[in-house]
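# A closer look at the structure
Here is what each chain is made of, one letter per residue.
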Amino acid sequence: AEQGFDKSQYNLGILYSKNKNMEAAKKWYEKAAKQEHLDAMNNLGIVYQKNGEIKTAIKWYEEAIKKGNTIAIYNLGLLHDEEGKKEEAKKWYEKAISLGDTSAMNRLGLMYDKEGNLDEAKKWYMRSARLENTLAMNNLGTVYENEGNLEEAKKWYERAANLGEAIAMSNLGNLYKEKGNVKEA
């Protein structure tokens, strides 16, 4: 890494990130990003976003996007979503969706869900769930449960739980408990 190998610098950034040493992670991501390592650019966006340096985060996401990093498209949507800029978030989620990003589909579903537009929310959850996104499966289960369609809710919770989604396992257990089926819960 000290010799200037961008992959080594990026990997050191990941190592420091996992160990919660964000200053060291940022240092190594920056070194790799200067050599146009796309994932390092995206990860720099994440680091700056977590530090509350939104303008710098946007700069790094946009730089990564310009160079072809598609994950940064979703992350830029997420940043705008978290900042309350819903229309800007939707724009970036839709770009990510056009590239097949199931997380963006799920997040767009969440946005519509929070707005009370359940038909649109279900559409996006379903699209994402059919592509094996377990969070979308769980969210779809929650919508059906709230609508009183417990069989459909159970079906989606089970699918997500069988794929290892912990939240869905918990929701499935609660659903069984509510139905009085403590043995299954």
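As the structure is a computational prediction, the values presented were derived from the model and not from experiment.

### Quick word on the packing of helix α1 (residues 6–18) against helix α2 (residues 22–33)
- Axis separation between α1 and α2 bottoms out at 8 Å; the angle between their running directions is 160°. Between α1 and α2, the angle falls in the class roughly antiparallel. Relative to α2, the crossing made by α1 is left-handed. Counted together, Asp 6, Gln 9, Tyr 10, Leu 12, Gly 13, Ile 14, Tyr 16 and Ser 17 of α1 and Met 22, Ala 24, Ala 25, Trp 28, Tyr 29, Lys 31 and Ala 32 of α2 form the full contact between these two elements.
- Along the lines of polarity and charge, the residues of the contact of α1 with α2 split into 10 nonpolar, 3 polar and 2 charged.

### With respect to the packing of aromatic side chains
- Using the criterion set out here, one finds 2 aromatic pairs in the structure.
- With 5.9 Å between their ring centres and 40° between their planes, Tyr 10 and Tyr 29 make a pair best called tilted. Taken as a pair, Tyr 10 in helix α1 and Tyr 29 in helix α2 lie far apart in primary sequence, 19 residues in all. Summarising the burial analysis for this pair, Tyr 10 and Tyr 29 share the class buried.
- Stacked on the ring of Trp 28, the Lys or Arg Lys 31 has its end atom at 5.5 Å from the ring centre.

### Details of the side chain of Asn 43
- Within the secondary structure, Asn 43 is located in helix α3 (residues 38–50).
- Asn 43 sits in the buried class, given a relative accessible area of 15%.
- The residues touching Asn 43, leaving out its near neighbours within four places in the chain, are Tyr 10, Ile 14 and Tyr 29.

Calculation criteria
Residues numbered from 1 in each chain as written. Predicted model: local features only at pLDDT ≥ 70, side-chain atom pairs only at ≥ 80, totals over all residues. Heavy atoms only, no water. Axes fitted to C-alpha atoms, helices over the stretch in contact; angles between N-to-C directions. Helix = DSSP H or I, 4+ residues; strand = E, 2+ residues; numbered from the N terminus. Parallel < 35°, antiparallel > 145°, perpendicular 65-115°, else oblique. Left-handed = near helix turned anticlockwise from the far one by under 90°. Contact = heavy atoms within 4.5 Å. Nonpolar A, V, L, I, M, F, W, Y, C, P; charged D, E, K, R; others polar. Phe/Tyr/Trp six-rings, centres within 6.5 Å; stacked < 30°, edge-to-face > 60°. Buried < 20%, exposed > 50% of the residue type's maximum accessible area, 1.4 Å probe, protein only. Lys NZ or Arg CZ within 6 Å of the ring centre and 35° of its normal.

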